[in-house]
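This is what each chain is made of:
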Amino acid sequence: MDVSLADSLWVLLCAFLVFFMHAGFALLESGLCRRKNAVAVLMKNFGVVATASIAFFALGYGLMFGEGTLAGTGPFAPDDASAQVGSLPLLVHMFFQLVFAATACTIVSGAVAERSKLGPFLFFTAVATAFIYPLVGKAVWGGGLLALRGFADFAGSTAVHLVGGAMALAGAQVVGARKGKFDGAARPMRAHNLPLAALGVMVLWLGWFGFNGGSTLSASDPGAIAKIVLVTNLAAAAGFLAALAYTHRRTGVLDFSMALNGALAGLVSITAGCDQIAALPALAIGAVGAVLCVESVLLLERRKIDDPVGAVSVHGACGAFGTLAVGLVGSEGLFYGKGADQLLVQLLGVVSVAAFAYLSSLVVWKALATFVGVRVLESHEDEGLDLAECGAAAYGDELAGTSMG
């Protein structure tokens, strides 16, 4: 088979898997939120895909991969079927990058769920996928400043997940906590449908094989792809079990929702170094990432920051940890006697990307809060956004006119 054709088919298949991860996010987020807001959560997830697709196509891709060091100069809105990026047609490369960009913004939707307005959220998504995410991507993957320093982030623990987590933190702080969440001690607002959430995580777990495996951008080395998929799976497995054991030790309860986030924490943590980290270190990274995720969730609650699905912890905290882990147990890391140079570069990347993504997002969120408002009416929040704003109930017309807690 022609090399270009094989590479294109592989990357497109992986792009389809990453696109399907949005179904996983939709199921996870709607399942972990209260049933009176399930339709509104689904609306945001579909809106992210639609908005990000247009914004990244129109501006983001050109800023991320065009000529230049800080920002690219195009192509914007590319449609040249004959153009190439290495062995890939440009449009194949663009679509693969597009689904990554949309993933970064989907992370934000979970953190601001159940109390944010749809319009301002979609406006933020457009800004994020047209400018914030692409400028980070330029630095990491587009030949920019971090790439020139040797920063290693194979599939996006920082470029996708830390960016999404930082943007989510800014959004959650500006929008504020759900009504009643922090009346005195933090009040649990239970997931309304754990089977949906579980299915969502399994879809995400599957999609991650495309997320990490497809980042080879080539089908020429099946052994390398198989190793990436292996360590990705091992990290997720270790993350699930570690989170389950750790929360049971702390609380005496087998917390399934925290274990689900533990699996995602393992996946996020291995993403930066899945091309160079061996199987045994991958198990350790998944387990440590899961414990870090649990502690991060509890820390945010103590700080009265409301994140209904744990997005900031899973993607932000574990994205940072996974990137730093490359400097520890990656092929150029301390564990292999290579010195601290790679770890220092990784630390520089984590700090600079987190600061840029958080501060730029904070400016956008605060501007939206000032000029148009980002929070729904209190009466709508009480009734539930499904009936109050969407005019639909997630589980049938028989629920119309009732209070759905």
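Residues numbered from 1 in each chain as written. Predicted model: local features only at pLDDT ≥ 70, side-chain atom pairs only at ≥ 80, totals over all residues. Heavy atoms only, no water.

(A) Geometry of the overall build of the chain. Each helix and strand in the chain was counted, giving 14 helices and two strands. The C-alpha radius of gyration computed for the chain amounts to 20 Å, which stays within 12% of the reference 22 Å derived for 405 residues, consistent with globular compactness. By the burial criterion, 55% of the 405 residues in the chain qualify as buried. Considering only residue pairs separated by 6 or more positions, the chain has 77% of its internal contacts joining residues 24 or more positions apart. (Helix = DSSP H or I, 4+ residues; strand = E, 2+ residues; numbered from the N terminus. Rg over C-alpha atoms; globule rule 2.2 N^0.38 Å. Buried < 20%, exposed > 50% of the residue type's maximum accessible area, 1.4 Å probe, protein only. Contact = heavy atoms within 4.5 Å.)

(B) Highlighting unusual backbone geometry. The omega torsion of the bond from Gly74 to Pro75 falls at 10°, within 30 degrees of zero and hence cis. Here Pro75 lies in the loop between helix 2 (38-65) and strand 1 (84-85). A positive phi angle is found at Leu217, which is not glycine, with a value near 55°. Note on placement: Leu217 falls in the loop between helix 7 (194-213) and helix 8 (222-251). Given the relative accessible area of 26%, Leu217 is considered partly exposed.

(C) Up close: the packing of aromatic side chains. According to the stated counting rule, one finds ten aromatic pairs in the structure shown. Between Tyr61 and Phe65, the ring centres sit 5.2 Å apart and the planes meet at 40°, which makes this aromatic pair tilted. Here Tyr61 and its partner Phe65 are both found in helix 2, four residues apart, which amounts to about one turn of the helix. Taking 5.1 Å as the distance between ring centres and 85° as the angle between the ring planes, the aromatic pair formed by Phe335 and Tyr336 counts as edge-to-face. Ring pairs connect the aromatic residues Phe96, Phe100, Trp141, Trp208 and Phe211, which therefore count as one cluster. (Phe/Tyr/Trp six-rings, centres within 6.5 Å; stacked < 30°, edge-to-face > 60°.)

(D) Molecular detail of a nonpolar patch on the surface. Residues Leu59, Phe76 and Phe131 make up a contiguous nonpolar surface patch of roughly 250 Å² in combined accessible area. Mapped onto the elements of the fold, Leu59 is located in helix 2. In this structure Leu59 comes out as partly exposed when scored by relative accessible area, which is 33%. (Patch = residues over 30% accessible without salt bridge, like charges linked within 9 Å, V, L, I, M, F, W, Y side chains within 5 Å. Areas by Shrake-Rupley, 256 points an atom, 1.4 Å probe, with all protein chains shown as cover. Salt bridge = Lys/Arg side-chain N within 4 Å of Asp/Glu carboxyl O.)

(E) Structural context of helix 12 (residues 341-371). Here helix 12 contains 31 residues, and its C-alpha end-to-end distance of 45 Å stays within 8% of the 45 Å for a straight helix at 1.5 Å per residue. Immediately downstream of helix 12, the backbone of Gly373 shows phi near 85°, a positive value. (Expected span 1.5 Å × (residues − 1).)

(F) Region of the structure containing the side chain of Thr125. Secondary-structure assignment places Thr125 in helix 4 (residues 118-141). Owing to a relative accessible area of 0%, Thr125 belongs among the buried residues under this scheme. Once you skip the residues sitting within four places of it in the chain, Thr125 turns out to touch Val48, Thr51, Ala52 and Cys105.

By themselves these figures say nothing about function.
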